[in-house]
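The chain contents come next:
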Amino acid sequence: MRPAVRVRLSEPTVGEHEAAAAAGAIRAGNLTFGPELEAFEAGLAARAGTPGAVAVSSGTAALHLALLAVGV
């Protein structure tokens, strides 16, 4: 059996600033919640021009919530 071939959809675009921010959140014990998440959601909402935004764990979770929001 041949090993699976991985096809990269895009190259990671994490720079030093992002890596340092992620390391800081991990050291603070904020893997899923915390001030970094709140700041991200607030910034995303501001950029989208909406009153709020919610970060989720995956694209599948985002699609699930979007379908629930429109009544599917």
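Within every chain, residues take consecutive numbers counted from 1 along the sequence as written. Owing to the predicted nature of the model, reporting of local features is limited to residues with pLDDT of at least 70; listing and counting of side-chain atom pairs is limited to 80 or more, with chain, interface and lining totals taken over all residues. The basis for the side-chain values is all heavy atoms of the structure; hydrogens and waters are excluded.

With that settled, consider the pattern of salt bridges. Counted as salt bridges are all cases of a side-chain nitrogen of Lys or Arg within 4 Å of a carboxyl oxygen of Asp or Glu. This structure, assessed with the given rule, holds 1 salt bridge. For the salt bridge of E11 with R8, the shortest nitrogen-to-oxygen distance reads 3.8 Å. Judged on exposure class, the residue E11 and its partner R8 are both exposed. Throughout this description, buried means an accessible area under 20% of the type-specific maximum (1.4 Å probe, protein chains only), exposed means over 50%, and partly exposed covers the range between.

Let us look at helix α1 (residues 16–27). Working definition: helices are DSSP H or I runs of at least four residues, strands are E runs of at least two. Numbering for both runs from the N terminus. Expected span of a helix, by definition, is 1.5 Å for each gap between consecutive residues, and there is one gap fewer than residues. The terminal C-alpha atoms of α1 lie 16 Å apart, and with 12 residues this matches the ideal 16 Å at 1.5 Å per residue to within 8%. Downstream of α1 by a residue or two, G29 has a phi angle that is positive, lying close to 80 degrees.

Just geometry here; none of it tells us what the structure is for.
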